Structures are given as C-alpha cells and as structure tokens.
Amino acid sequence: MLTVDFDRFPVGPGQAVLDLGCGGGRHSFEAYRRGADVVALDTDAETLDDVHAFFEAMAREGEAPEFAKARTLHGDALDLPFGEDAFDRVIAAEVLEHIPDDTRAMAELTRVVRPGGLVAVTVPRWFPERICWALSRAYHEVEGGHVRIYSRRTLLDRLRAAGLEPLGSHHAHALHVPYWWLKCLIGVDREGGLPRAYQRFLEWDLMRQPRSTRLADQALNPLMGKSLVVYARKPVPGDGRVAA
C-alpha cells in the first residue's frame, strides 16, 4: 500500500532514490520496480534484513529491470552517511513524527537531495491523529512512538525553513482511519473484536482493490485521509522560482 503517489512523484530508470526510514520497504520496492538505484535506510536491522530479502526475490523474479540497483543500509536520519546532492529523489514516509529533532532530520534530507531533485514527505494528518491521541495514551506514549502531531502549515513551514519549496500536497488512506480509532478506543494492545474484523476488511481491500472502495477512499481522503503527503523540490540556485 503506497502513500506516495508516483504519478506526482516521478521516479525513473537510473535515478538515485533514498527511502529514509524505509520500514517494510513498500516505497523502496516501487522505486526499484521503476528502474531506480535505491537505498533503503532504517534504524531497524531486522526490518532491513526482510527488505533485503525482498529485493533479492524481486531480482530473481524479474520484477525490476536488470540495470536497477537496490540495497539496504542501517543509518540515522540525523546523520546521513552520504555526501551533498547524492540523490535525485528522497522519500520520508511516516518518519518525521517519530524524530524529536525533526528540524535536523529535514536539514539532512535537504542536504542529500540534488538541486532540482524532489522530496516526498508523509506524516499522520492532524485531525485523525489528534483523535487517536485523545482516545489512547498507549497509542503514542511508547518507545519510538509519535512525538508530535503536524498541521499542514507547520510541516510546510518547516520544509521551507530547511530549504525546500513545496509543490503540492494531498491526503491518503481515509479507509484506515476507523481501524485506528477502534484500536485506540478498545485498546491498542487488545486482539480480536471490531478492530480485527476491520483489519480483515482492509486486508481484503488491499488484495482485491475493488473499484467501490477505491472510489470511497478517494472521496473521503480530502475529509479524513489518515496521511498528509507533501511534495517538495530543492531549488536550483539562481532559477528564480518561488515556493508554493
């Protein structure tokens, strides 16, 4: 399930892509399929092992072009092990809300993207996230949990302060919001019941992707999409463009 819209965030053959805080690797895999040279970076070594294994499986099954490259790397968003202007694209999906020093993390991802390169940042949307926090302290007061809730304005202002120019935004995954509200209401550590039933629906939807639920998700995203997705560009010195 992709949060970043690759029609709005074009990735092509030979482009260097950093998936910062790659998690399970969903965006890394899509970039690899499109022929990019991908670095999937995360702090969780066990998760990276799984991502690496999936990269290898994709290569064996011909799911990515032979010329494309993909690797995993254990690293810290506050001290990226790359030189300046190293990547054509940087993705930071559902990462910044976990990082206390998000200003430094934004400065680092800006540093490593080349002038004219694109960045995609996704965070939990303010309204659905605020309800989750109100319903359950256990939802966010855990090690490595969410340390802040972003408004759209706050995120855009901080990206601009880091040196990026926002190009546009949208919301995603409205159908996932009820699941998290149910989990927070009933208990994030409790299994079964309504949350599990709704999870089975989401799993069915992911596998089948019927037109009815795709249309419902699209219609509801502006109102209650769980994720805010922002696309931005690192300016080219002297190009005279004005940030959106």
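This text follows the structure it describes.
These remarks concern the structure in this document. Worth saying up front: this structure is predicted, and the values here are computed from it rather than measured.

Parameters and conventions
- Residues numbered from 1 in each chain as written.
- Predicted model: local features only at pLDDT ≥ 70, side-chain atom pairs only at ≥ 80, totals over all residues.
- Heavy atoms only, no water.
- Salt bridge = Lys/Arg side-chain N within 4 Å of Asp/Glu carboxyl O.
- Helix = DSSP H or I, 4+ residues; strand = E, 2+ residues; numbered from the N terminus.
- Buried < 20%, exposed > 50% of the residue type's maximum accessible area, 1.4 Å probe, protein only.
- Axes fitted to C-alpha atoms, helices over the stretch in contact; angles between N-to-C directions.
- Parallel < 35°, antiparallel > 145°, perpendicular 65-115°, else oblique.
- Left-handed = near helix turned anticlockwise from the far one by under 90°.
- Contact = heavy atoms within 4.5 Å.
- Nonpolar A, V, L, I, M, F, W, Y, C, P; charged D, E, K, R; others polar.
- Patch = residues over 30% accessible without salt bridge, like charges linked within 9 Å, V, L, I, M, F, W, Y side chains within 5 Å.
- Areas by Shrake-Rupley, 256 points an atom, 1.4 Å probe, with all protein chains shown as cover.
- Core = buried A, V, L, I, M, F, W, Y, C linked by side-chain atoms within 4.5 Å.
- Lys, Arg positive; Asp, Glu negative; His and termini not counted.
- Charge placed at Lys NZ, Arg CZ, Asp CG, Glu CD.
- Expected span 1.5 Å × (residues − 1).
- Arc of directions from axis to C-beta.

**Quick word on the pattern of salt bridges**
Alright, step 1. A full pass over the atoms with the stated rule returns 13 salt bridges.
Alright, step 2. For R114, the salt bridge is made with D88, and the minimal N-O distance between the two is 2.6 Å. Taken together, the residues span a long stretch of sequence, with R114 in strand β5 (residues 113–124) and D88 in strand β4 (residues 87–93) at a distance of 26 residues.
Alright, step 3. Of the charged contacts, one joins R148 and D102 as a salt bridge, the two residues approaching to 3.7 Å between their closest N and O atoms. Residue R148 is located in the loop between α4 (126–135) and α5 (152–161), and its partner D102 is located in helix α3 (residues 102–112); the two are separated by 46 residues in the primary sequence. Taken as a pair, R148 and D102 share a single burial class, namely buried.

**Examining the packing of helix α6 (residues 177–186) against helix α7 (residues 193–208)**
Alright, step 1. One way to put it is that α6 packs onto α7 with a least axis distance of 9 Å and a crossing angle of 160 degrees. Judged by the angle between their axes, α6 and α7 are roughly antiparallel. The way α6 lies across α7 gives a crossing that is left-handed. Residues P178, Y179, L182, K183 and I186 of α6 pack against L194, P195, Y198, Q199 and L202 of α7.
Alright, step 2. Partitioning the contact of α6 with α7 into residue classes produces eight nonpolar, one polar and one charged.

**Section: a nonpolar patch on the surface**
Alright, step 1. Nonpolar side chains collect at one region of the surface, where L135, L185, I186 and L194 lie side by side and expose about 370 Å² of accessible area between them.
Alright, step 2. Note that L185 resides in helix α6.

**Details of the nonpolar core**
Alright, step 1. Grouped together as the largest cluster of nonpolar side chains are 31 residues, with contacts concentrated most on L18, L96 and L155.
Alright, step 2. The contact partners of L155, leaving out residues within four places of it in the chain, are L96, M106, V121, V123, Y150, L228 and V230.
Alright, step 3. Core analysis: the next-biggest nonpolar cluster, separate from the first, contains 25 residues, F6, A31, A36 and A64 among them.

**Comments concerning helix α1 (residues 26–33)**
Alright, step 1. Burial analysis of α1 places six of its eight residues in the buried class, the great majority of the element.
Alright, step 2. Where the residues of α1 are buried, they touch β1 (16–20), β2 (37–42), α2 (45–60), β3 (69–74) and β4.
Alright, step 3. Just downstream of α1, G35 is the residue with a positive phi angle, here 95 degrees.

**Considerations on a negative patch on the surface**
Alright, step 1. On the surface, a cluster of negative charge is contributed by D44, E46, D49 and D50.
Alright, step 2. Within the secondary structure, D44 is located in the loop between β2 and α2.

**Re the side chain of D19**
Alright, step 1. Here D19 shows up in strand β1.
Alright, step 2. Although D19 is buried, it makes no salt bridge; R26 carries the closest opposite charge, 7.4 Å away.
Alright, step 3. Those residues within four positions of D19 in sequence are excluded, and the remaining contacts are H27, S28, V39, A40, L41 and I91.

**Details of the packing of α1 against α2**
Alright, step 1. The interhelical angle for the contact between α1 and α2, taken along N-to-C directions, is 25 degrees, at an axis separation of 11 Å. On the basis of the axis angle, α1 is roughly parallel to α2. Between α1 and α2 the crossing geometry is right-handed. Facing S28, F29, Y32 and R33 of α1, the residues of α2 in contact are V51, F54, F55, M58 and A59.
Alright, step 2. Looking at the contact of α1 with α2 residue by residue, the class counts come to seven nonpolar, one polar and one charged.

**So, α7**
Alright, step 1. For α7, built from 16 residues, the straight-helix expectation of 22 Å at 1.5 Å per residue is met to within 8% by its first-to-last C-alpha distance of 23 Å.
Alright, step 2. Restricting attention to buried positions, one finds in α7 the residues P195, Y198, L202 and D205. The buried residues of α7 all sit within an arc of 80 degrees when viewed along its axis, so they share a single face. Residues of α7 that are exposed and angled more than 90 degrees away from the buried face: G193, M207 and R208.
Alright, step 3. Q209 occupies a position one or two residues after α7 and carries a positive phi of about 45 degrees.

**What to know about the environment of A45**
Alright, step 1. Summarising the element assignment, A45 is placed in helix α2.
Alright, step 2. The partly exposed category is assigned to A45, whose relative accessible area is 44%.
Alright, step 3. Taking the C-alpha atoms as reference points, A45 and H74, separated by 29 residues in sequence, lie 6.4 Å from one another.

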